[in-house]
Amino acid sequence: MASLATQCTSQTIPSSHCVISHTLADPVERRAAAVLGIVKELKEAGSGLVVISQLQSQVNTLTSKIALLDQRVFFTATLHSRLLTVGAGPLVFNHVLMNTGGGYSPTTGVFTAPCRGLYVFLVQMFTSGHGHAKWDLYVNGHMVMSGESHTHDNTSNEYMYPVTLQAGDRVSVYSRNSLHIYGIHHSFFGGWMSKAL
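My aim in this report is to walk through the structure given alongside it, one point at a time.

Procedures and definitions
- In every chain, residue numbers begin from 1 and rise along the written sequence.
- In keeping with the predicted nature of the model, local features appear solely for residues at pLDDT of at least 70, side-chain atom pairs appear and are counted solely at 80 or more, and the whole-chain, interface and lining totals rest on all residues.
- Processing note: side-chain calculations cover all non-hydrogen atoms of the structure and skip hydrogens and water entirely.
- The aromatic pairing rule takes the rings of Phe, Tyr and Trp, using the six-membered ring of Trp, and pairs them if the centres are within 6.5 Å, calling planes under 30 degrees apart stacked, those over 60 edge-to-face and the rest tilted.
- Counting from the N terminus, the helices are the DSSP runs of H or I reaching at least four residues and the strands are the DSSP runs of E reaching at least two.
- Categorising residues by exposure relies on relative accessible area from a 1.4 Å probe, with only protein chains included: less than 20% of the type maximum marks a residue as buried, more than 50% marks it as exposed, and the intermediate range marks it as partly exposed.
- When DSSP locates at least two bridges between a pair of strands, those strands are taken to pair.
- Salt-bridge detection follows one rule: a side-chain nitrogen of Lys or Arg within 4 Å of a carboxyl oxygen of Asp or Glu.
- Among buried residues, the Ala, Val, Leu, Ile, Met, Phe, Trp, Tyr and Cys ones that are joined through side-chain atoms within 4.5 Å form a nonpolar core.
- For this analysis, residues touch if any pair of their heavy atoms sits within 4.5 Å.

According to the stated counting rule, one finds 13 aromatic pairs in the structure shown. Centroid distance Phe75 to Phe111: 4.9 Å. Interplanar angle 10 degrees. Geometry classified as stacked. Of this pair, Phe75 sits in strand 1 (residues 74-78) while Phe111 sits in strand 5 (residues 111-112), placing them 36 residues apart in sequence. With relative accessibility at 2%, the residue Phe75 sits in the buried group. Ring centres of Tyr104 and Phe189 lie 6.0 Å apart, and the angle between their planes is 80 degrees; this geometry places the pair in the edge-to-face category. Note that Tyr104 is positioned in the loop between strand 4 (95-100) and strand 5 and Phe189 in strand 12 (residues 188-196), a separation of 85 residues in sequence. Each member of the pair, Tyr104 as well as Phe189, is classed as buried. Following the ring pairs from residue to residue traces out a cluster consisting of Phe75, Phe93, Tyr104, Phe111, Tyr119, Phe121 and Phe189.

Here the focus is the pairing of strand 1. The sheet contact formed by strand 1 and strand 4 spans five bridges and is antiparallel. Bridge assignment links Thr78 to a residue of strand 4, and that residue is His95.

A complete count under the given rule lists one salt bridge for this structure. Among the salt bridges present, the one from Asp136 reaches Arg176, with a minimum N-O distance of 3.0 Å. Of this pair, Asp136 sits in strand 7 (residues 131-139) while Arg176 sits in the loop between strand 10 (170-175) and strand 11 (179-182), and the two are 40 residues apart along the sequence.

Before going further, it helps to spend a moment on unusual backbone geometry. A positive phi angle is found at Asn140, which is not glycine, with a value near 55 degrees. Along the chain, the position of Asn140 falls in the loop between strand 7 and strand 8 (142-151).

The subject of this paragraph is the nonpolar core. If you look at the biggest cluster of nonpolar residues, it comprises 30 residues, and the most contacted ones within it are Phe93, Phe111, Tyr119, Phe121, Leu165, Val173 and Phe189. Among the elements of the structure, strand 1, strand 6 (117-127), strand 7, strand 9 (155-165), strand 10, strand 11 and strand 12 are those that each provide at least two residues to this core. Non-local contacts of Tyr119, meaning those with residues more than four positions away in its chain, are made with Val73, Phe111, Ala113, Pro114, Tyr161, Pro162, Val163, Leu165, Trp192, Met193 and Ser194.

Interpretation in functional terms is not warranted from these geometric data alone.
So, in structure tokens, the structure goes:
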């Protein structure tokens, strides 16, 4: 066949006879073109799959962020008794007024963060009579805010503390000495998540 092609090139054989070599070459060219087309389609399909995977990842991320935005966390707890004396140690606000998200335990007095976020905590102590009130706010067993007041009569003191918490972090109030305080509707412990992170 090579000699036929060579002879056609040298024009020793009429061009009409060269149809044989072209006829044999066409299927090979078509097959090569088909293979190249398949390779191109595979490449395009591959890049398309990558794009789809990236879009799916972005959708998953946005879905997670929307779920965090929809999450509501806040609580307020006070004390059952109107007037009581509490000793040094954990202050357990045992009367829950609200507990959206279920983070606060009226049994232990501990708030456990359900998710990572920026939280704000508020503590109010309404002390009775003359005394020296000392109490602290703790996060995971470490004191982060100290409250102290000298009282000569019934006195109310409020403290606010913002903090970033991880899921599972624990927040509680401790008294450093005995306190004579008014309970229900006077002294309370509360907090809320202002922004999920």
